[in-house]
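# Results of the structural survey
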Protein chains: 2
Amino acid sequence: MRIGLLGCGTVGSALMALLASERDWLHERVGEELEVARILVRDPARDRGPYVDRALLTTSAEAIWSDPEIEVVVELLGPDPLARRAIVAALEAGKSVVTANKELLSTDFQVLSTLAASVGRDIFFEAAVAGGIPLVRALRVSLLGERISRVVGIINGTTNFILTRMQDHGEGFLDALSEARRLGYAEADPSGDISGRDAASKLAIIASIAFGLEVSVDDVRVEGIEGLTEADARFAERNGQVIKLLATAERTADEQGPLVHVEVAPALVDRSHPLAHVGGPDNAVYLQGGAVGQLLFQGPGAGGMPTASAVLADVIDASRNLRAGVCARALVADRGRLGGSDRKRRRFAISLDVEDRPGVLATVSQVFGRHGVSIARMEQEEMSEDSAHLVFLTHDTTLATIDATLGDVGELPVVRALHALIRVLA
Amino acid sequence: MRIGLLGCGTVGSALMALLASERDWLHERVGEELEVARILVRDPARDRGPYVDRALLTTSAEAIWSDPEIEVVVELLGPDPLARRAIVAALEAGKSVVTANKELLSTDFQVLSTLAASVGRDIFFEAAVAGGIPLVRALRVSLLGERISRVVGIINGTTNFILTRMQDHGEGFLDALSEARRLGYAEADPSGDISGRDAASKLAIIASIAFGLEVSVDDVRVEGIEGLTEADARFAERNGQVIKLLATAERTADEQGPLVHVEVAPALVDRSHPLAHVGGPDNAVYLQGGAVGQLLFQGPGAGGMPTASAVLADVIDASRNLRAGVCARALVADRGRLGGSDRKRRRFAISLDVEDRPGVLATVSQVFGRHGVSIARMEQEEMSEDSAHLVFLTHDTTLATIDATLGDVGELPVVRALHALIRVLA
């Protein structure tokens, strides 16, 4: 089985190492040899270690998608416009495609899936969400007959590492971020991770499969973790909780029928919940199904080898389908609409810094009262001589109401910083 | 797609309910209707609720396996000799088979898999291990290219419920067992669960798939939880651990090459380990792979609906394969031998009751010393006026040495009861 590889960075090199070191064993298990026949790179001169044969390198993507001997194309280009063109060209040339491209799939999932099905080939993307965790195949095959009602995931390792440091070591956000950078868990520009955007891309893909809906990253309401402080972590700690960046897709309903809402936001998670114990750079996804109940999948969300493992699983599956002359079914879309995130009744925690002088608490509280937001708990911590940190935990209300409330709270002269709007995992 | 159902107890009835309540949705998702055409029962007069049409009932298994219109046979007979005969007959008649029969598979896995492959049909058994957790398909498909080095699972819900009660509520074994019975988590005769035999059956199946070896339940070294006491749970608690009944399959090696050892035994698990937080009747399986690193799957290990969900997933997969004219590949056996459990160096905890009088501790300790077993920690608890509970935690040694040591310890007149031999999860 001849494979064309587009991109040879961390994951591509790991894949080559894996194929080389497990060559005989894989041959026996898979029933034929998996041979990378050509590798697209930008810079053929760069050293890629002992497992990448320089004779295979090319700078022409076309040399791969037009090679009639290549049957599976593995796309690992990341956010490069060439990725989409190469995938389309490969499928149209009758090749199956394996991709780890969450950016692309979070917008073009349905188009590419439909194209693959129409040419009788596979597009597999286990590595695009939750790294080495075999979640996509679980949703596409094992849980095909299961009516999923909710998916809650920790699907960004960088932010989970930072939040775990803040919780366990009492570090502030910036210190925890530095540590993540030092250990290689955060990139030089971590904005896509900490803003929640990376998790939103993956959530769009997960929700598309779990609910059979066309979900784009732009449909996801996103809040990041930039605003969280040590004081918020302490608030959680005192209440037997931890703060996690959760990606949530949930099936609800309104007068007009079923509805799916998708959001990424920091949330308070009780220590008794399995997601509370997902520490460091790990990912985990919690599924609620109609018949099966609750399932948890946990594992490495990133890293060269775990991601290469997911890519390899897809390559094997695609190869076997090609040999059998079949392809995976396109996912049938459920009838359903997106939305409802702003109308769902639930609790929120709001963290903010205010001037520490008499009457301030009353001033802020009044704004909550005016919007009909009832407070379940409030904690105040002294921060400096003239500044205090407040956390308000509300009773059930809606995001729409909270948005309006925070608009007004933010206008108050006594409010120094509105740090974070935190969900509460129910 | 016409389905024949053998057995209609808890799982069978749940499957019928699921097929009825999700009929239209499933039709759309699967692409065709899944119709149960005939149901084998022992007693056609028994009431099986609104979802089981009496006109479909038969007392003849042959009526199902010889019905040319039935394409998939679902076997839910449990430990009944008819199960094996029916599965073989169904496969030979060209039907695909879905079974939840762990007892049968734990001895006849290879024979039945080989038969299915030889007739070009599937035998699927997701429901036979770890209930609703989609573990089997993960191992067979998603992790096919992953070299698994270790599988550690909590795969018996009854014992996990009992151990969770003992740990969290300070209950003794018998009280916790009563509570499990009261809540329906333990059967009238729970001996298969608490002896570890049920977990051993499932482990044999898991190890067969994960390592591609022929593993039978009789290859598994088994210790149950009957001997554990409240004092053992307190010992674990004091040391930041919990006690879990772990099923372990591990790839090691000796001078003659690779070796897989399989065992079921209670073990001390650090609270920082994900398996420590698997409470109540839940199951969880922890996998260690060469490339992917560590993966955890957690979910309901039993129950009508979760098990029916796993059966349904298999039925859908088998149906799609039949329509596509393909079947799952037979699993290729790795070269490897079973054994090595007794020679692996590791820590153990031994719990026993002794007479509470001067010199007893020295007497018992001497036996450990004589066998070269070095003690890392010992805790003594007063039990009654003349009786004390001891827990010895050893440094690294082997099971063979421990077996010999305990043989001698058990002979000492001062030893009233040798309660449990506990592993330590490393």
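A few points on the structure. (Residues numbered from 1 in each chain as written. Chains lettered and ligands numbered in written order. Predicted model: local features only at pLDDT ≥ 70, side-chain atom pairs only at ≥ 80, totals over all residues. Heavy atoms only, no water.)

### Points about helix H1 (residues 10–21) of chain A
All names here are of chain A.
- Given a rise of 1.5 Å per residue, 12 residues ought to cover 16 Å, and the 16 Å separating the end C-alpha atoms of H1 matches this to within 8%.
- Among the 12 residues that make up H1, 9 are buried, leaving the element largely enclosed by the rest of the structure.
- What H1 keeps buried is the set Val 11, Gly 12, Ser 13, Ala 14, Leu 15, Met 16, Ala 17, Leu 18 and Leu 19.
- Contacts made by the buried residues of H1 are with strand S1 (2–6), helix H2 (23–30), strand S2 (35–40), strand S4 (72–75) and helix H12 (304–324). (Helix = DSSP H or I, 4+ residues; strand = E, 2+ residues; numbered from the N terminus. Expected span 1.5 Å × (residues − 1). Buried < 20%, exposed > 50% of the residue type's maximum accessible area, 1.4 Å probe, protein only. Contact = heavy atoms within 4.5 Å.)

### Digging into the sheet that holds strand S6 (residues 123–124) of chain B
All names here are of chain B.
- Spatially, 6 strands are ordered S3-S2-S1-S4-S5-S6 in an open sheet, and the strand pairing comes out parallel. With one partner strand each, in any of the chains shown, strand S3 (57–58) and S6 form the two edges of the open sheet.
- Pairing geometry for strand S1 (residues 2–6) and strand S2 (residues 35–40), over 5 bridges, is parallel. Of the residues in S2, the one forming a bridge with Ile 3 is Val 36.
- Running at roughly 155° to strand S5 (residues 96–99), helix H4 (residues 82–92) makes contact with S1, S2, strand S4 (72–75), S5 and S6 of the sheet. (Pairing = 2+ DSSP bridges. Axes fitted to C-alpha atoms, helices over the stretch in contact; angles between N-to-C directions.)

### Re the packing of helix H13 (residues 360–370) of chain B against helix H14 (residues 399–411) of chain B
Residue and element names in this part refer to chain B.
- With their axes 9 Å apart at the nearest point, H13 and H14 run at an angle of 155° to one another. Considering their axes alone, H13 and H14 lie roughly antiparallel with respect to each other. In terms of crossing hand, the pair formed by H13 and H14 is right-handed. Residues Val 367, Phe 368 and Arg 370 of H13 form the contact with H14, whose participating residues are Thr 405, Asp 408 and Val 409.
- Of the residues contributing to the contact of H13 with H14, the split by class is 3 nonpolar, 1 polar and 2 charged. (Parallel < 35°, antiparallel > 145°, perpendicular 65-115°, else oblique. Left-handed = near helix turned anticlockwise from the far one by under 90°. Nonpolar A, V, L, I, M, F, W, Y, C, P; charged D, E, K, R; others polar.)

### As for the relation of the copies chain B and chain A
- Placing chain B over chain A gives an RMSD of 0.1 Å and needs a rotation angle of 180°, together with 0.0 Å of translation along the axis. In symmetry terms, the pair is related by a two-fold rotation axis. Every residue of chain B has its C-alpha some distance from the rotation axis, and the shortest such distance is that of B:Phe297, at 2.4 Å.
- When you check the interface residues of chain B against chain A, 100% turn up at the interface there too, and the contact is symmetric in its surfaces. (Least-squares fit on C-alpha atoms with pLDDT ≥ 70 in both.)

### Digging into the interface of chain B and chain A
- Taken together, the contact between chain B and chain A spans 51 residues of the former and 51 residues of the latter.
- Where chain B abuts chain A, roughly 4,400 Å² becomes buried across the two surfaces, and 53% of that area is made up of carbon and sulfur atoms.
- Taken together, the connections running from chain B to chain A amount to 2 salt bridges.
- Of the charged contacts, one joins A:Arg147 and B:Glu22 as a salt bridge, the two residues approaching to 2.6 Å between their closest N and O atoms.
- Across the chain B-chain A interface, the total number found is 9 residue pairs in polar contact (both at pLDDT 80 or more).
- Elements supplying a minimum of two residues to the side of chain B that touches chain A: helix H2 (23–30), helix H6 (135–142), helix H10 (197–211), strand S12 (293–300) and helix H12 (304–324) of chain B.
- Considering every element that reaches the side of chain B that touches chain A, the biggest residue donor is H12(B), with 9 residues.
- A breakdown of the residues in the side of chain B that touches chain A according to their chemical character gives 28 nonpolar, 10 polar and 13 charged.
- Of the strand pairs in this sheet, strand S12 (residues 293–300) of chain A and S12(B) are connected by 3 bridges, and their pairing is antiparallel. Of the residues in S12(B), the one forming a bridge with A:Leu296 is B:Gln298. (Buried area = accessible area lost by both parts, 1.4 Å probe. Salt bridge = Lys/Arg side-chain N within 4 Å of Asp/Glu carboxyl O. Polar contact = N/O pair within 3.5 Å; in protein donor to acceptor, adjacent residues only side chain to side chain.)

### Regarding the sheet that holds strand S5 (residues 96–99) of chain A
Residue and element names in this part refer to chain A.
- Read from one edge of the open sheet, 6 strands run S3-S2-S1-S4-S5-S6, paired in parallel fashion. The open sheet has two edge strands, strand S3 (57–58) and strand S6 (123–124), and neither has a second partner.
- In this sheet, S5 lies alongside S4 in parallel orientation, the contact comprising 4 bridges. When the sheet's bridge partners are listed, Val 72 is paired in S5 with Ser 96.

### A look at the state of the cysteines
- Scanning all chains against the criterion turns up 0 disulfides over all chains.
- A:Cys327 takes part in no disulfide bond, and the closest cysteine sulfur to it belongs to B:Cys327, at a distance of 18 Å. (Disulfide = S-S within 2.5 Å.)

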